[in-house]
Amino acid sequence: MTGTLLSSEFGTREGVLVGVVVVLILAIAVLAWAETAISRMTRARAAAMVDQEHAKADRLLHLASAPESFVNALLLLILMLQLTEATLVGILAAQLFGPVGLVVATVVNIAVVFVVAEAAPKSLALEEPDRSALRAAPLVELVAHFPPLRWLSTLLIGVTNVVLPGKGRRAGPYLSDEEIVHFATQALEDEVIDEDERDMIESVLELGDTLVREVMVPRPEMVTVAADVPLEEAVDLALRRGVSRLPVHRGDVDEIDEVLNLKDAVRRVREGRGDEPVGEATSTAMVVPELISASRALRQMQDLRTHLALVVDERGGLAGLVTLEDLIEELVGEIVDETDRTQQLCQLRDDGSVLVRGSLSIDDANEHLEDLLAGHPADVLPEGDWESVGGLILEHLGRPAGTGNEVSAAGHRLTVHEMRGRRIMWVLVEPGAAGDEVPETSEPDAAVDAERNREDGDDA
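Residues numbered from 1 in each chain as written. Predicted model: local features only at pLDDT ≥ 70, side-chain atom pairs only at ≥ 80, totals over all residues. Heavy atoms only, no water.

**Re the nonpolar core**
Here comes step 1: Core analysis: the largest hydrophobic core is formed by 41 residues, its most contacted members being Leu31, Ile38, Met41, Leu60, Phe70, Leu74 and Val140.
Here comes step 2: Counting only elements with at least two residues in this core, the list comes to α1 (2–39), α2 (43–51), α3 (57–65), α4 (71–97), α5 (101–127) and α6 (129–144).
Here comes step 3: Broken down by element, the residue count for this core peaks at eleven residues, all from α1.
Here comes step 4: Setting aside its immediate chain neighbours within four residues, Leu60 contacts Ile38, Met41, Ala46, Met49, Ala133, Leu134 and Ala137.
Here comes step 5: Leu397, Leu414, Val416 and Ile424 belong to the second-largest nonpolar core, a separate cluster that totals 23 residues. (Core = buried A, V, L, I, M, F, W, Y, C linked by side-chain atoms within 4.5 Å. Buried < 20%, exposed > 50% of the residue type's maximum accessible area, 1.4 Å probe, protein only. Helix = DSSP H or I, 4+ residues; strand = E, 2+ residues; numbered from the N terminus. Contact = heavy atoms within 4.5 Å.)

**Overview of the environment of Val312**
Here comes step 1: Its location among the elements puts Val312 in strand β7 (residues 308–312).
Here comes step 2: Sequence spacing of Val312 and Leu291 is 21 residues, and the spatial spacing of their C-alpha atoms is 9.0 Å.
Here comes step 3: If we skip the residues at most four places from it in the chain, Val312 touches Val287, Val288, Pro289, Glu290, Gly317 and Ala319.

**Looking at the sheet that holds strand β6 (residues 286–289)**
Here comes step 1: The strand order across the open sheet built from four strands is β1-β8-β7-β6, with neighbouring strands paired in mixed fashion. Among the strands making up the open sheet, the edge pair consists of β1 (217–218) and β6.
Here comes step 2: Bridge count for β1 against strand β8 (residues 318–323) is two bridges, and the pairing is antiparallel. Bridge pairing in β8 links Val217 to Leu321.
Here comes step 3: Contacts from helix α13 (residues 294–304) reach β6, β7 and β8, with the element oriented near 165° to β6.
Here comes step 4: With respect to the sheet, helix α14 (residues 324–332) is in contact with β1 and β8, its orientation differing from that of β8 by roughly 65°. (Pairing = 2+ DSSP bridges. Axes fitted to C-alpha atoms, helices over the stretch in contact; angles between N-to-C directions.)

**Overview of the packing of α2 against α3**
Here comes step 1: Packing of α2 against α3 brings their axes to within 9 Å, and their N-to-C directions diverge by 165°. When the interaxial angle is binned, α2 and α3 end up roughly antiparallel. The handedness of the crossing between α2 and α3 comes out as left-handed. Contacts between α2 and α3 involve Arg43, Ala46, Ala47, Met49 and Val50 on the former and, on the latter, Ala57, Asp58, Leu60, Leu61, Ala64 and Ser65.
Here comes step 2: When grouped by side-chain class, the residues that make up the contact of α2 with α3 number eight nonpolar, one polar and two charged. (Parallel < 35°, antiparallel > 145°, perpendicular 65-115°, else oblique. Left-handed = near helix turned anticlockwise from the far one by under 90°. Nonpolar A, V, L, I, M, F, W, Y, C, P; charged D, E, K, R; others polar.)

**Observations regarding helix α12 (residues 262–270)**
Here comes step 1: Here α12 has its buried residues at Leu262, Ala265 and Arg268. Mapping the buried residues of α12 onto a view down its axis gives an arc of 130°, with all of them on the same face. Facing away from the buried surface of α12 by more than 90 degrees, the exposed residues are Lys263 and Arg270.
Here comes step 2: On its buried face, α12 is in contact with α11 (231–241) and β4 (256–261).
Here comes step 3: Of the residues that open α12, the one with a side-chain oxygen 2.9 Å from the backbone nitrogen of Lys263 is Asn261.
Here comes step 4: Positive phi shows up at Gly272, right after α12, with a value of about 85°. (Arc of directions from axis to C-beta. Polar contact = N/O pair within 3.5 Å; in protein donor to acceptor, adjacent residues only side chain to side chain.)

See below:
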């Protein structure tokens, strides 16, 4: 009779332990599901759900905006339940199986608890992130506002910061530029934004890393006018070259600090003052160093309400000019209006070679080559101390270039196709045809010389 009573009493304790373990496993599973759902929710996505008037979205936005308000308390509760469950399973296994019970308890926790309380609920949260986050928000908010749990987690974090100084949460940027671009790409894949919006986000971030010298018009390509030239001739030059502002020099083209606005010049010409010298209609030009960022130059030009700025190098010499349109194009892409003259930068020829503008930057040239030579291995022109395709050739030659000079780069043969003065105007890129020898400088053709001298006259 006594043995039967003891057996019944032992069975009752065992049943209670099993029941408690099951409840703990279910609680761990629910909390794991809630923690995954809320942690994966971004503030931007939660704000969008508020705009869409989803129920409980306000609670979700609050949690996504301040993850530190819930994450510590939630993780602490999960850890406490896991430790309690593991202890009870160990006690139960020891009663049932004796010394072997430790092995049984370990197997149960690894196999059963991992699948039921970890993998399954977290996978469910990832399959339906928005719905799971909305349903989990009230539960997570309840846990986060439970005073004993919140006080205990705060105390433990405080002790940790004392023991490990400097390891606490720090203020500062939480997302790098690369992460923001990644999120934008993910939003594009999820059809939340379109490709143009994604490209715009990347362009805005890249503008801060782009230097003015990378987008400026180089000094040799500037269209300038002398201060003693009549306004009528300056207007003709501006119309012929398709520009609305002309930098003005007073004898020395490297010493420029004035600019002529075509609107002012046309107004004076219409008033019958076309014979007046350009120098009487100029204004002081804005000057920026070539090594400042494009975004900073854009802000300065907006503040001064100017559309053109002269660019100087480290020694104060004139390096080129940059316009407001040049900077905005870095954000939105090429801007072409009905008055712009279309200028091809790369031309694919019938034999598979490509004519590339010598002043084209290496980055832009590689983009064009990858598009035009899609069927060819994606070897691109190498980067180095040079900034343009012409600079690459000059660096490899180690001397002034001439028409017909060849160099090898990235498996391609680059041939100087056309010169204008000392400037390399066009380069012929022949993919996969790189030679081992670099021929001697050849003299420019007479026809090319004549064309060069005629076009140089336009810059006077």
